[in-house]
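Residues per chain are reported as follows:
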Amino acid sequence: MREIDQTCEAYRLTRVILGIETTAHYYEGIVRVCNQQGYIARVINAATTSEERKRC
């Protein structure tokens, strides 16, 4: 979180959206903590994004 905050400050960002890939159940805690700390976290399904990339 320190790294994220430092990057936001360096680039004058007002918000960051974190993409978290689903990995069994491990991602759930990361998403929960990010949300509790005020970050925007979105869950990304690797299988879905793989299929979307094939269409391009």
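Further up the page is the structure itself.
Fair warning: this is a prediction, and the values are worked out from it, not measured in the lab.

About the criteria used
- Residues numbered from 1 in each chain as written.
- Predicted model: local features only at pLDDT ≥ 70, side-chain atom pairs only at ≥ 80, totals over all residues.
- Heavy atoms only, no water.
- Helix = DSSP H or I, 4+ residues; strand = E, 2+ residues; numbered from the N terminus.
- Rg over C-alpha atoms; globule rule 2.2 N^0.38 Å.
- Buried < 20%, exposed > 50% of the residue type's maximum accessible area, 1.4 Å probe, protein only.
- Contact = heavy atoms within 4.5 Å.
- Areas by Shrake-Rupley, 256 points an atom, 1.4 Å probe, with all protein chains shown as cover.
- Lys, Arg positive; Asp, Glu negative; His and termini not counted.
- Charge placed at Lys NZ, Arg CZ, Asp CG, Glu CD.
- Pairing = 2+ DSSP bridges.
- Right-handed = clockwise from strand over helix to strand, strands pointing away.
- Core = buried A, V, L, I, M, F, W, Y, C linked by side-chain atoms within 4.5 Å.

K.L.:
Just checking my understanding: could you explain the overall build of the protein for this structure?
P.N.:
Secondary structure summary: the protein contains 3 helices and 2 strands in total. Starting at the N terminus and ending at the C terminus, the protein contains elements arranged as α-β-α-β-α. Here the protein has a C-alpha radius of gyration of 14 Å; the compact-globule value for 56 residues is 10 Å, and the former is much larger. Relative to its full complement of 56 residues, the protein shows a buried share of 14%. Restricting to contacts in the protein with at least 6 residues of sequence separation, those with at least 24 account for 34%. In the structure as shown, the protein presents an accessible area of about 4900 Å², 49% of it carried by carbon and sulfur atoms. With 8 positive and 7 negative side-chain charges, the protein shows a separation of 4 Å between the mean positions of the two kinds.

K.L.:
Any chance you could explain the pairing of strand S2 (residues 40-44) here in plain terms?
P.N.:
The pairing of strand S1 (residues 17-21) with S2 spans 5 bridges and is classified as parallel. Its bridge partner being in S2, isoleucine 17 is matched across the sheet by isoleucine 40. For the crossover from S1 across helix H2 (residues 26-36) to S2, the handedness is right-handed.

K.L.:
Please clarify how helix H1 (residues 2-11) should be interpreted in this entry.
P.N.:
Residue pairs spaced three or four apart in an α-helix point in one direction, given the helix's 3.6 residues per turn. Little of H1 is tucked away, with 1 of its 10 residues classed as buried. Looking at the residues trailing H1, positive phi occurs at arginine 12, about 55°.

K.L.:
Can you walk me through the nonpolar core in this structure?
P.N.:
As a rule of thumb, nonpolar side chains are buried together in soluble globular proteins. Core analysis: the biggest nonpolar cluster contains 7 residues, these being Leu18, Ile20, Tyr27, Val31, Cys34, Tyr39 and Ala41. Of all the elements in the fold, those that place two or more residues in this core are S1 and H2. If you tally residues by element for this core, the top one is H2, at 3 residues. Residue contacts for valine 31: discarding those within four places in its chain leaves Ile20, Ala41 and Val43.

Purely geometric numbers; function is a separate question.
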